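# Summary of the model geometry
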Amino acid sequence: MSCTIIVGGFFGDEGKGKIVAHIAHQDHPTVISRGGVGPNAGHTVLVGKKEYGVRMVPSGFVYPKADLCIGPGVLVDPRVFLREVAEVEVSGRIFIDGRCGVIEEEHIARDKGSEHLAKTIGSTGSGCGPANSDRVLRVARQAKDLPELAPYIIDVAEKVNQAIDNGEPVLLEGTQGFGISLYYGTYPFVTSKDTSASQIAADNGVGPTKIDDVIVVFKAFPTRVGEGPFSTEMSLDKSHALGIQEFGTVTHRERRIGTWDGKMARYSAMINGCTQVAITGIDRVDPTCFGATSYDQLSQTAKDFIRQVEVDVGHPVTIISTGPELSQIIDLRKKR
């Protein structure tokens, strides 16, 4: 039994949602709890032919036996939350910590109306920056102050820690990516708080001695939405020629595409305290790997890439995603 944190190693959109969903189905956690900023990050999970995009509900919701939580460090937009609870039918097993900050309509208006945030930084316009600002100023409302959220309010930190102390498997789900951390990212082109594994633990009230594994998710071809430095970025013409075109889950803006960045991956792994690596998009390194479910099915080109990732990062690649669907994955955790 263990407590595992799953975080993004580049600029977000690494495919964390799928990795969380896969691990949930394999490890059978009793609790999956979200850290991170708030609804400015979207997670997409494809199960069969059905695609789910969530911004507030943990992406591990596709595993039906886990309780779902939103930790006290996360901002909650009650409109987004209640809509998603109804859409993905998780009422009765999802909970919010009463200490979560609330995103008000005026926070969204301030976000979208700020020349600096909207145009210079490339904010998602979801109100997170202004809401976190009010939280720091100690003028923000908390989730426990809203009647419509009353049925969902518990002490999430207590629930998560009790599960860990009982020896139950727990997943702590990160959002965004390391490259847009307020502390370690490409400031000022960053989000409004830290996004590293340490922060995800703190967002849920879990002390560092209770974390057993940190799985950092990297994309074979990193992507970035919005403004800011991107040292390995390729032109859109080149990415389109390679057949790579993606759009943000929240903003629907076209993602900028880059090549593998070993230097950034190693630094990200260091700060996150990485113990294992998950790689997504290996089918874009070599399309013949699409849908593979065993390591032996991978081409030598793909195996050479994975070996280079392990050299760059200094930790084993234990999970390899070979396509968007939940079943298109190779899990080597028991073999390494």
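Let me begin by describing the structure that accompanies this report. In this numbering scheme, every chain counts its residues from 1 along its sequence in written order. Reporting in this predicted model follows two pLDDT cut-offs: at least 70 for local features of residues, and 80 or more for side-chain atom pairs to be given and counted; totals over whole chains, interfaces and linings ignore these cut-offs and use all residues. Hydrogens and water are ignored here; the side-chain numbers use all heavy atoms of the structure.

Take the pairing of strand β4 (residues 50-54) next. Here, a strand pair is defined by DSSP locating no fewer than two bridges between the strands. Numbered from the N terminus, helices here are DSSP runs of H or I no shorter than four residues, and strands are runs of E no shorter than two. Relative to β4, strand β3 (residues 43-47) is paired through five bridges, and the arrangement is antiparallel. By the bridge assignment for β4, T44 is matched with G53. Connecting β3 to the next strand, β4, in antiparallel fashion are two residues, including G48 with a positive phi near 60°.

Within the secondary structure, T223 sits in strand β12 (residues 223-224). Counting of polar contacts relies on pairs of N or O atoms within 3.5 Å, with two restrictions inside protein: one atom must be capable of donating a hydrogen and the other of accepting it, and residues adjacent in sequence are counted only when both atoms are side-chain atoms. A polar side-chain atom of T223 sits 3.0 Å from a polar atom in the side chain of K219.

Let's shift gears to the packing of helix α3 (residues 105-113) against helix α5 (residues 128-136). Axes, fitted as lines to C-alpha atoms, cover a helix only where it is in contact. Angles between the N-to-C directions of the axes lie from 0 to 180 degrees. Where α3 meets α5, the axes come as close as 7 Å, and the angle between the chain directions of the two elements is 120°. As far as their axial angle goes, α5 and α3 are oblique. Classified by chirality, the crossing of α5 by α3 is right-handed. Listed contacts from α5 to E106, H107, R110 and D111 of α3 are C128, G129, P130, A131, S133 and D134. When residues are grouped by polarity, Ala, Val, Leu, Ile, Met, Phe, Trp, Tyr, Cys and Pro land in nonpolar, Asp, Glu, Lys and Arg in charged, and all others, Gly among them, in polar. For the contact of α3 with α5, a count of residues per class yields three nonpolar, three polar and four charged. Comment on the angle field: the value is read as roughly parallel under 35 degrees, roughly antiparallel over 145, roughly perpendicular from 65 to 115, and oblique elsewhere. By definition, turning the near helix anticlockwise from the far helix through less than a right angle yields a left-handed crossing, and turning it clockwise yields a right-handed one. In this description, contact between two residues means that some pair of their heavy atoms is separated by no more than 4.5 Å.

Any Lys or Arg side-chain nitrogen found within 4 Å of a carboxyl oxygen on Asp or Glu counts as a salt bridge. This model, assessed by the stated rule, comprises 20 salt bridges. K219 is the salt-bridge partner of E246, the closest N and O atoms lying 2.7 Å from each other. Pair noted here: E246 is in the loop between α8 (236-241) and β13 (256-257) and K219 is in strand β11 (residues 213-219), with a separation of 27 residues, a long-range link. Three labels apply to residues, based on accessible area from a 1.4 Å probe with only protein chains included: buried if under 20% of the type maximum, exposed if over 50%, partly exposed otherwise in between. Of the residues examined, E246 reaches a relative accessible area of 10% and is grouped as buried. Accessibility expressed as a relative area gives 8% for K219, which makes it buried. Its salt-bridge partner being E246, residue R255 comes within 2.7 Å of it at the nearest N-O pair. The class of R255 is buried, set by a relative accessible area of 10%. One salt-bridge network, in which partners are shared between bridges, spans D13, K219, E246, R255 and R284.

A few words on the pairing of strand β2 (residues 31-34). Going residue by residue along β2, you find V31 and S33 tucked away on one face and I32 and R34 tucked away on the opposite face as well. Note that β2 and strand β5 (residues 67-70) share four bridges and pair parallel. Residue I32 lies in a different strand from β5, and its bridge partner there is L68. In terms of strand pairing, β2 meets strand β10 (residues 170-173) through four bridges, oriented parallel. Opposite R34, over in β10, you have E173 as the bridge partner.

What follows deals with the packing of helix α9 (residues 262-272) against helix α11 (residues 300-313). At a minimum axis separation of 8 Å, α9 and α11 run at an interaxial angle of 55°. In terms of their interaxial angle, α9 and α11 are classed as oblique. Both α9 and α11 take part in a crossing whose hand is right-handed. For the pair α9 and α11, the contacting residues are G262, A265, R266 and A269 in the first and V311, D312 and V313 in the second. Grouping the constituent residues of the contact of α9 with α11 by class yields four nonpolar, one polar and two charged.

Worth remembering: the numbers are spatial, not functional.
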